[in-house]
Structure formats: C-alpha cells, structure tokens
Amino acid sequence: MAEAGEPYTTPMPQVRPEPPPGPRRVRLIYTALACVGTAVAIVLVFTAFSGDRPGAAPAPLHQGRSAAPSVSASVSASAVPRPVRLPPVPTALTMVVHPGAGTPAGNFVVDRKSGIGYAGFAAPWRTAADPSPFVRAQRAGRALIVSCPMPGAVPEALTAPEAYRTVAARAARWTLRFQPEGGSLAWTASQPLRRGTGWLLGYRVTYRIDGRTHASEAIVAVVGTGRNKPALLFATVPDTTQKLYRDLNMLFWTLRPI
C-alpha cells in the first residue's frame, strides 16, 4: 500500500515475449502464402484469356467487323466455332433472272481437276494467278467465283436429287465463311442443274457495314462428275457491284460436267 502523500500507481502486468515460430509453423505459413499466390496467378491467366476459345477457326458469320472474301481461306469442312442455323432448304425455288447485260464472256473455264466447266468473264473480273487452295478463282473486288472438288467427306450413294440437295446445303453453310460478318441468310434458289446431275442453291446474306445495311447474292452448285467427289462451284457478289448479279445467272446457265 502506498504511503500517505505518495501517488497511487497500478502495477504493470508482466508480458511474456512470444516464442519464435517453430519449423513446422514456418512451413505452414509458407505453404499458405504459396497457395494464395498460385490462386492469384490462375485468376490472372483466366482473366487475360477469357475471350479465347480452343480450336476456333474463322467463322462464316461473325459479329462486329466486316470481312472481304478471301481466296486464301482453307478448303476444310471442319465445323465453324459456333453453329449457324440455316433456314429450311426449299424443295423447289427457281433462280431469279437478274436484269442487265452482265459482264462480257472472257473465256470458258475448264476445271479438269474438279471435272466441271463454266463461264469465265472479262474485266472487271480477273483470274487469280494463284487460286490455292481452290483450283480456279476469279475476283472482281469483293466479288468471288471459285471451284474445287467438294471439301470434306461425301456420302457414297450420291445419286438422287434429294441427296445432292442435302450436300449442297452443307456446302452453302461452308461458304458462309467467305461472307461479311454479322449477317442473316435467306434462300433465293433451290433447283436441279441444267446440265448433268447435281443441285444449285442460291442465297442472299444481309449484313451491316458502317451502320448501313448491305447484302450479297450467292450461288452454290454441287455437280456430279462420276468421280469420288462431286465438284463445287461457289460465287458471291455484293450489292456494291450489282451490275455483276447477272453473271451469277450466266454461271448457272453454262455450268456443266466435263
């Protein structure tokens, strides 16, 4: 007890120093820190690559920007990144005859590897010096005419018109990769070929570029040639060169197996 006149003070409690962590505790601390670091790294990786999709190939119809048809695209029947649902294919729909004189004939294209022949055109069309991976190719700006053996596997029993129509629909879906992005499709033709065995499909793909609505007319023909694979003829013309629409008719009228 304090003497009279002396200030009263409370004794300070004694604090024992914390013993240093043992080896086991140190290992636990470092393990916990390593787990946290790994988790953070995984989150950063998935954040950086969240837009990537494994195995994605060029899509036929994308969203956003537009793309001109490219002759250098791979001739592969592999599936596109996201499925494109086509409208039901009409059983019979006659191709519209486009007005105008069309482009003067330049020559008759003979695609011996594919087994077909069809009209070739003068300027503004130009024959591609290197049509690879196609056999033949003509270009006029974004307008495109190409031919090659049918990409991918083909059913062995391909004789009936209905079978050719089914294969033509699959070929039309494949050709969408050569169309501008963000479009929608409507059929414009579905009929047998004028010469030989096969089927023609026509479609119009509508899309927007720089805020304006545009469309491209296209034809897809699958031609029986007596070989292991039928031939494929594909042509597309954008509305910026509507005077070339008539050339699509001429291709159909002159197409034949050789």
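Above this note sits the structure.
Here is a short report on the structure shown in this document. The shown structure was predicted, so the numbers you read here are calculated from the model rather than taken from an experiment.

## Structural notes on the pattern of salt bridges
Then, number 1: Inspection of the entire model under this criterion finds one salt bridge.
Then, number 2: Residues arginine 204 and glutamate 217 are paired through a salt bridge, measuring 2.6 Å at the closest nitrogen-oxygen approach. Taken together, the positions of arginine 204 in strand β7 (residues 198–209) and glutamate 217 in strand β8 (residues 212–223) put the pair 13 residues apart, joining distant regions of the chain.
Then, number 3: Relative accessible area serves as the criterion here: at 34%, arginine 204 is assigned to the partly exposed category.
Then, number 4: Taking the relative accessible area as the measure of exposure, glutamate 217 reaches 7% and is therefore buried.

## Description of unusual backbone geometry
Then, number 1: Cis geometry marks the peptide bond from alanine 123 to proline 124; its omega dihedral reads 15°.
Then, number 2: Tracing the backbone shows proline 124 in the loop between β2 (116–121) and β3 (126–127).
Then, number 3: Omega for the peptide link from serine 132 to proline 133 comes to 15°, which places this bond in the cis form.
Then, number 4: Unusually for a residue other than glycine, aspartate 210 sits at a positive phi of about 55°.
Then, number 5: Mapped onto the secondary structure, aspartate 210 falls in the loop between β7 and β8.

## A closer look at the side chain of histidine 98
Then, number 1: Relative to the elements of secondary structure, histidine 98 occurs in the loop between α1 (23–48) and β1 (105–111).
Then, number 2: You can call histidine 98 buried: its relative accessible area is 12%.
Then, number 3: Filtering out sequence-adjacent residues up to four positions away, histidine 98 remains in contact with Glu217, Tyr245, Arg246 and Asn249.

## Focus: the nonpolar core
Most often, soluble globular proteins have nonpolar side chains that are buried together.
Then, number 1: Leu201, Tyr203, Val220, Val222, Leu232 and Phe234 are the most contacted members of the largest nonpolar core, which totals 30 residues.
Then, number 2: If you tally residues by element for this core, the top one is helix α2 (residues 161–175), at seven residues.
Then, number 3: Ranked by size, the runner-up nonpolar core spans 26 residues in total, among them Ile116, Tyr118, Ile219 and Ala231.

## Remarks on the sheet that holds strand β6 (residues 184–192)
Within a sheet, each strand pairs with its neighbour through backbone hydrogen bonds, oriented either parallel or antiparallel.
Then, number 1: Read across the sheet, seven strands follow the order β3-β4-β5-β9-β8-β7-β6 without closing on themselves; strand pairing throughout is antiparallel. Strand pairing shows two members of the sheet lacking a second neighbour, β3 and β6, which therefore form its edges.
Then, number 2: As paired strands, strand β4 (residues 136–140) and strand β5 (residues 143–149) are joined by five bridges and run antiparallel to one another. Bridging across to β5, arginine 139 finds its partner in leucine 144.
Then, number 3: On top of the sheet, α2 reaches β6, β7, β8 and β9 (231–238); it is set at about 25° to β7, its chief contact.

## Structural notes on the environment of serine 132
Then, number 1: Take serine 132: it is sitting in the loop between β3 and β4.
Then, number 2: Since its relative accessible area comes to 44%, serine 132 is described here as partly exposed.
Then, number 3: As a C-alpha pair, serine 132 and cysteine 148 span 16 residues in sequence and 9.8 Å in three-dimensional space.

## Points about the pairing of β7
Then, number 1: The buried count for β7 comes to nine of twelve residues, which makes it a mostly enclosed element.
Then, number 2: Direction of pairing for β6 relative to β7: antiparallel, over a ladder of eight bridges. By the bridge assignment, glutamine 191 is partnered in β7 with leucine 200.
Then, number 3: Sheet topology note: the β7/β8 ladder contains twelve bridges and is antiparallel. Looking across to β8, one finds that valine 205 is bridged to serine 216.

## Some thoughts on the side chain of asparagine 249
Then, number 1: Looking at the secondary structure, you find asparagine 249 in helix α3 (residues 245–254).
Then, number 2: The buried category is assigned to asparagine 249, whose relative accessible area is 1%.
Then, number 3: Within polar-contact distance, the side chain of asparagine 249 engages the backbone oxygen of valine 96 at 2.9 Å.
Then, number 4: Not counting residues up to four positions away in its chain, the partners in contact with asparagine 249 are Met95, Val96, Val97 and His98.

Cut-off values and rules
- Residues numbered from 1 in each chain as written.
- Predicted model: local features only at pLDDT ≥ 70, side-chain atom pairs only at ≥ 80, totals over all residues.
- Heavy atoms only, no water.
- Salt bridge = Lys/Arg side-chain N within 4 Å of Asp/Glu carboxyl O.
- Helix = DSSP H or I, 4+ residues; strand = E, 2+ residues; numbered from the N terminus.
- Buried < 20%, exposed > 50% of the residue type's maximum accessible area, 1.4 Å probe, protein only.
- Contact = heavy atoms within 4.5 Å.
- Core = buried A, V, L, I, M, F, W, Y, C linked by side-chain atoms within 4.5 Å.
- Pairing = 2+ DSSP bridges.
- Axes fitted to C-alpha atoms, helices over the stretch in contact; angles between N-to-C directions.
- Polar contact = N/O pair within 3.5 Å; in protein donor to acceptor, adjacent residues only side chain to side chain.

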